[in-house]
Amino acid sequence: MAHASDPQAATSAAAAPDGPLTTADGKPLAWSLARSQARARRRAFFLVLPLLAFILITFVVPIGQMLQRSFYNDGFSANMPEISQWFAENPRGTEPNDAAWTALANDLLASAEERSIGVVGTRINYDVPGTRSLFTSTGRKVRRGIEPPYREALLEMDEDWADPQLWGAMRDASRPVTSNFYLAAVDRTRAEDGSIEQVEPRQRIYVMLFMRTFWLSALITFLTFALGFPIAHLLATLPMRKSNLLMILVLLPFWTSLLVRTTSWMVLLQQQGVINDILVWMGVIGGSQRLQMIYNQAGTIIAMTHILLPFMILPLYSVMRTINPSYVRAARSLGATSWTAFRRIYFPQTLPGLGAGALLVFILAVGYYITPALVGGASGQLISNLIAQHMTDTLNWSMAAALAALLLGSVLILYWLYDRLVGVDNLKLG
Amino acid sequence: MKTTLILSTALAGFGLSAAAQEVNVVSWGGAYERSQVEAYNKPFEEKTGIKVNMIAADNPSTPLKAQVEANNVTGDVFDIEVSDAIRLCDEGALVEIDPADLPPAPDGTPAVEDFIDGALQDCAVANIYWGTVIAYDTTKFEGDAPSTAADFFDLEAFPGQRGLPKTPKRTLYLALIADGVPADEIYDALETEEGVNRAFDKLDTIKDSVVWWEAGAQPVQLLADGEVSMATGYNGRFFDAMVAEGKPFEIIWDGQYMDLDMFAIPKGSPNPEAAMDYLKFATSTEQLAEQAKYIAYGPARKSSAALVGLYQDGETEMGPHMPTNPEYLETAVFDDPEFWADHDAELTERFNSWLAGS
């Protein structure tokens, strides 16, 4: 809006001497416009409200709750209040005194009677392996009766109670908010004095698996690009009748269940499988030299490349369809070789589709679970297989949440990088 | 399944009758679930009029934990492994069960004396004993057939790939047995650094020839495809393949790993009374023996053993296929839930790290 002190505005407002423009019923135009726009926005908001509520209830809240477990675990602090209090009042390095032992004994008794001692033991066992049964067995003994002095009484039940590492772990667990699960997720642990150190070499696994997950995902993304680009180009340039047929060949596997496709790869690739049988029959390899193409990294790469291929082809295809062939013809007529015309004219125009395809494939690959579990063997496992293991086998949900949060975080960083380098508004999904 | 749940609750709500009760049982699916439907659910429905809804899960302890944590329990009875039963009981997720409430054996022996050791826990009652055993394809070996756990690790005498489960729980003990550790000293060995190293060293000798499986159906499939010549797997699954499908497999009854499956009731289950009725009914002598007609898993009651007869085909004697056959128990390793509650996390990490290293 023009300002009243502006000389030009003064002239244009001369027709309406009492200030800003108004509507027929005398209300200021700007106000009226804002009101009607707000109404339209409100209507639009009410239309998307069901979806918003759906996403909030079924997606954001549960995921948030799950992620919360990665740094919040009150298994110890909620069930052992007295000793947690003692830890809060006495700094690290204080020798446990009589008050500490009394608090511990009281908490153990209360927790054992409430049947929460297992939760407490499980929490400490994450940090000090082998201590869960210390809690549950002491809990059973304490229920039968315990007399002061508590230090001697507890040590008589199990001398492990004197272990300083155990006390350090209890101190860590005495506050519900903890970074221990994130530390464990990057192969680190807390020493007795509270400093952070790497775990023993033979216990290290997660950093390596994260690296492998990203490396394999990048490789698979590149393979889908190398295989998918020519197909997408062919689809986009063939006459409709032929390209429709080809399109069905791309879409049919896309619509087939993931499990079915993975299992088909098992039938094809295993040592007694179709491909090995054909190679032996043709005499390329001997009967005893059958190739190991599955239950290892190769299996993961082959099956995942195939399964993710349509996610690269479809965005590429939709972009290539819109590229005007006369640009390349013009370049050729101006003297460019076919390679130069491709490199400088055609390829840059496919970038939005390539970006979308690469982002889709990479992010899907990073979180892939079923295929590596079935055909990956030992060397083709990805980080999501370990997350699943913590969810269903060891039931350590805090650890699973920490690993998942790290995975989510790194994907978001990659997305941000992509936005900085390529620009997300260049993305074209169809 | 959920639809049936919603539908049946809705129907009950329409006032069919107040007695139209139901109970939701979560089990493992497959042949095992079928055996439970035949031996427990059908007679239970007939006797009490309470409808049984069977729900399958990969491992029922996972939904059990999730439902209790979310304060939204929909299952009434869960079929879980003994280590999970003890763990969840210690965490206060399960209803305590007094053994005195369980029905006695037909001859009047109280339940406490009738169930085998470990079958009665504070919050759970076992229904079956099952074994993880080695099976081989008889067509793969000319001359001598493998007969011991050590043969499983002998790639020269018995060539071919091996199928093993991708978990430390059912692999480390086998390596130790094959390396000459007696069955009753396995957990003492695994408590020590040297023992664990020894197990991994032994596994190293076959590492390159192992196909790792995760689901119970896989070892049977791997053997049937000829992808492996020997595999360890659940004895009931192998039995099914051998007897029901006529596959040329043979089981090596050496170094088997014995596990219990138990029924437990979560706190806050929607039909606690019907759940308890079901649990008592299913773990009675006759029903446990009846289940053995459909699957080769040993009943958890001593009094049931005498009633175990023929397979449902009417000709196969079940006795020699039962993991609880006294002859096989001499070399069996029994699951130690306390040990695994303590060391599962640590050994799993080391196992994963060992697997990933080349």
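Residues numbered from 1 in each chain as written. Chains lettered and ligands numbered in written order. Predicted model: local features only at pLDDT ≥ 70, side-chain atom pairs only at ≥ 80, totals over all residues. Heavy atoms only, no water.

An unreviewed UniProt entry lists chain B under the name ABC transporter substrate-binding protein, with Paracoccus saliphilus given as the organism.

The name given to chain A in an unreviewed UniProt entry is ABC transporter permease, and the organism recorded there is Paracoccus saliphilus. Regarding chain A, the relevant UniProt record gives this comment under Subcellular location (unreviewed entry): "Cell membrane". (UniProt positions renumbered as here; feature names shortened; annotations may be inferred.)

1. Focus: the domain arrangement of chain A
One can read the domain layout of chain A as domain 1 (81-178) and domain 2 (206-426). Summarising the inter-unit geometry, the C-alpha centres of domain 1 of chain A and domain 2 of chain A are found 51 Å apart. (Domains from an automatic or database assignment.)

2. Observations concerning the UniProt feature "transmembrane region" (unreviewed entry) in chain A
In the numbering adopted here, UniProt assigns the feature "transmembrane region" (unreviewed entry) to residues 44-64, 214-236, 243-260, 298-319, 353-375 and 395-418 of chain A. Taken as a whole, residues 395-418 of chain A contains 92% helix and 0% strand, while its terminal C-alpha atoms sit 35 Å from one another. (Helix = DSSP H or I, 4+ residues; strand = E, 2+ residues; numbered from the N terminus.)

3. What about empty space enclosed by the protein?
In total, this model carries one cavity of 30 Å³ or more according to the counting rule given. Approximately 100 Å³ is the volume found for the largest cavity. Breaking the lining of the largest cavity down by element, the ones donating at least two residues are α5 (117-127) of chain A together with α16 (337-356) of chain B. Each residue belonging to the lining of the largest cavity can be placed in one class, and the counts come to three nonpolar, four polar and three charged. (1 Å grid on protein atoms, 1.4 Å probe; cavity = no way out; pocket = protein on both sides within 12 Å on 5 of 7 lines; lining within 4 Å. Points joined across faces, edges and corners; volume = space filled by probe spheres on them. Nonpolar A, V, L, I, M, F, W, Y, C, P; charged D, E, K, R; others polar.)

4. Thoughts on the interface of chain A and chain B
Taken together, the contact pairs 41 residues of chain A with 39 residues of chain B. Buried area between chain A and chain B, both sides added, is near 3600 Å², and the carbon and sulfur share of it is 46%. If you look at where chain A meets chain B, you find six salt bridges. Residue Arg69 of chain A is joined to Glu69 of chain B by a salt bridge in which the shortest nitrogen-to-oxygen separation is 2.8 Å. One can count 22 residue pairs in polar contact (both at pLDDT 80 or more) joining chain A with chain B. Within the residue set of the side of chain A that touches chain B, elements represented by two or more residues are α5, α6 (132-143), α10 (206-237), α17 (370-375) and α18 (383-392) of chain A. For the side of chain A that touches chain B, the element with the most residues is α5 of chain A, which contributes five residues. For the side of chain A that touches chain B, the residue count by class is 15 nonpolar, 18 polar and eight charged. (Contact = heavy atoms within 4.5 Å. Buried area = accessible area lost by both parts, 1.4 Å probe. Salt bridge = Lys/Arg side-chain N within 4 Å of Asp/Glu carboxyl O. Polar contact = N/O pair within 3.5 Å; in protein donor to acceptor, adjacent residues only side chain to side chain.)

5. A few points about the pattern of salt bridges
Between side chains of opposite charge, a pair can form as their charged atoms come close. Inspection of the entire model under this criterion finds 26 salt bridges over all chains. Where Arg115 of chain A meets Asp122 of chain B, a salt bridge forms, and the shortest distance between an N and an O atom there is 3.1 Å. Of this pair, Arg115 of chain A sits in the loop between α4 (98-113) and α5 while Asp122 of chain B sits in the loop between α5 (111-114) and β4 (124-137), which puts the two residues in different chains. The class of Arg115 of chain A is buried, set by a relative accessible area of 9%. Note that Glu193 of chain B is salt-bridged to Arg202 of chain A, the shortest N-O span being 2.1 Å. Taken as a pair, Glu193 of chain B in helix α9 (residues 193-204) and Arg202 of chain A in the loop between β2 (196-198) and α10 lie in two separate chains rather than in one. (Buried < 20%, exposed > 50% of the residue type's maximum accessible area, 1.4 Å probe, protein only.)

6. Remarks on the state of the cysteines
Residues and elements named next belong to chain B. Tallying each qualifying case throughout the model produces one disulfide over all chains. Bridging Cys89 to Cys123, the disulfide has an S-S length of 2.0 Å. Classification of the bridge connecting Cys89 and Cys123 rests on its S-S torsion, roughly 45 degrees, and on that basis the disulfide is right-handed. Of the two residues, Cys89 is situated in helix α4 (residues 82-90) and Cys123 in the loop between α5 and β4; the sequence distance between them amounts to 34 residues. Here Cys123 falls in the buried class, since its relative accessible area comes to 1%. (Disulfide = S-S within 2.5 Å.)

7. A word on the confidence of the model for chain A
Residues and elements named next belong to chain A. Per-residue confidence for chain A gives a mean pLDDT of 88, with 95% of residues at or over 70. Mean pLDDT across the elements of chain A ranges from a minimum in helix α1 (residues 7-12), with 46, to a maximum in α10, with 95. Note that residues 1-16 has pLDDT below 50 and, in this model, four contacts with residues that lie over four places away or in other chains. (pLDDT = per-residue confidence, 0-100.)

8. Things to note about α6 of chain A
Structural remark: α-helix, 3.6 residues per turn; residues separated by three or four positions point the same way. Its twelve residues give α6 of chain A an end-to-end C-alpha distance of 17 Å, which sits within 8% of 16 Å, the value for a rise of 1.5 Å per residue. Taken across its twelve residues, α6 of chain A has nine buried, putting it largely inside the fold. Those residues of α6 of chain A that sit buried are Arg132, Ser133, Leu134, Phe135, Thr136, Ser137, Thr138, Gly139 and Val142 of chain A. Summarising the contacts, the buried residues of α6 of chain A are in contact with α4, α5, α7 (150-157) and α8 (164-173) of chain A together with α4 and α16 of chain B. Positioned one or two residues after α6 of chain A, Gly145 of chain A has a phi angle of 130 degrees, which is positive. (Expected span 1.5 Å × (residues − 1).)

9. As for the UniProt feature "domain: ABC transmembrane type-1" (unreviewed entry) in chain A
Mapped onto the present numbering, the UniProt feature "domain: ABC transmembrane type-1" (unreviewed entry) falls on residues 210-418 of chain A. In residues 210-418 of chain A, helix accounts for 80% and strand for 0%; the two terminal C-alpha atoms are 19 Å from one another.

10. Thoughts on a negative patch on the surface
Residues Asp184, Glu185, Asp188 and Glu191 of chain B make up a contiguous surface patch of negative charge. Topologically, Asp188 of chain B is positioned in helix α8 (residues 186-191). (Patch = residues over 30% accessible without salt bridge, like charges linked within 9 Å, V, L, I, M, F, W, Y side chains within 5 Å. Areas by Shrake-Rupley, 256 points an atom, 1.4 Å probe, with all protein chains shown as cover. Lys, Arg positive; Asp, Glu negative; His and termini not counted. Charge placed at Lys NZ, Arg CZ, Asp CG, Glu CD.)

11. Concerning α7 of chain A
Residue and element names in this part refer to chain A. Those residues of α7 lying buried are Tyr150, Ala153, Leu154 and Met157. Across the axial projection of α7, the buried residues extend over an arc of 90 degrees, all falling on one side. Contacts made by the buried residues of α7 are with α4 and α6. (Arc of directions from axis to C-beta.)

12. Some thoughts on the packing of aromatic side chains
According to the stated counting rule, one finds 35 aromatic pairs over all chains in the structure shown. With a centroid separation of 5.0 Å and an interplanar angle of 85 degrees, the aromatic rings of Trp130 of chain B and Tyr234 of chain B are classed as edge-to-face. On the criterion of sequence distance, the pair formed by Trp130 of chain B in strand β4 and Tyr234 of chain B in strand β7 (residues 230-234) is long-range, its members being 104 residues apart. Neither residue differs from the other here; Trp130 of chain B and Tyr234 of chain B are each classed as buried. Among the aromatic side chains, those forming a connected cluster through ring pairs are Phe222, Phe225, Phe229, Trp339, Phe342, Tyr346 and Phe347 of chain A. One cation-aromatic arrangement involves Lys207 of chain B over Trp354 of chain B; the distance from NZ or CZ to the ring centre is 4.6 Å. (Phe/Tyr/Trp six-rings, centres within 6.5 Å; stacked < 30°, edge-to-face > 60°. Lys NZ or Arg CZ within 6 Å of the ring centre and 35° of its normal.)

13. Observations regarding the pairing of strand β6 (residues 210-213) of chain B
Side-chain positions along a regular strand alternate between the two faces of the sheet. All names here are of chain B. The alternating pattern of β6 places Val210 and Trp212 on one face and Val211 and Trp213 on the opposite face, and all of these are buried. Strand direction decides the pairing type here: strand β5 (residues 162-165) and β6, joined by four bridges, are parallel. When the sheet's bridge partners are listed, Gly163 is paired in β6 with Val211. (Pairing = 2+ DSSP bridges.)

14. Overview of unusual backbone geometry
All names here are of chain A. Look at the link from Pro148 to Pro149: it is a cis peptide, with omega at 0 degrees. Secondary-structure assignment places Pro149 in the loop between α6 and α7. The backbone of Arg115 sits at a positive phi, close to 60 degrees, despite the residue not being glycine. Look at Tyr295: it is not a glycine, yet its phi comes out positive at around 65 degrees. Mapped onto the elements, Tyr295 comes out in the loop between α13 (274-282) and α14 (297-322).

15. Considerations on the nonpolar core
Residues and elements named next belong to chain B. Judged by nonpolar contacts, the single largest core of 48 residues is most densely connected at Val23, Val77, Ile80, Leu94, Phe115 and Tyr278. Those elements giving two or more residues to this core turn out to be β1 (22-27), α2 (30-48), β2 (51-56), β3 (77-81), α4, β4, β8 (249-264) and α12 (272-282). Considering every element that reaches this core, the biggest residue donor is α12, with seven residues. Excluding residues that lie within four positions of it along the chain, Val23 makes contacts with Phe44, Ile50, Lys51, Val52, Asn53, Asp76, Val77, Asn271, Ala274, Ala275 and Tyr278. If you look at the next biggest cluster of nonpolar residues, it comprises 39 residues, including Tyr136, Ala175, Phe200 and Trp354. (Core = buried A, V, L, I, M, F, W, Y, C linked by side-chain atoms within 4.5 Å.)

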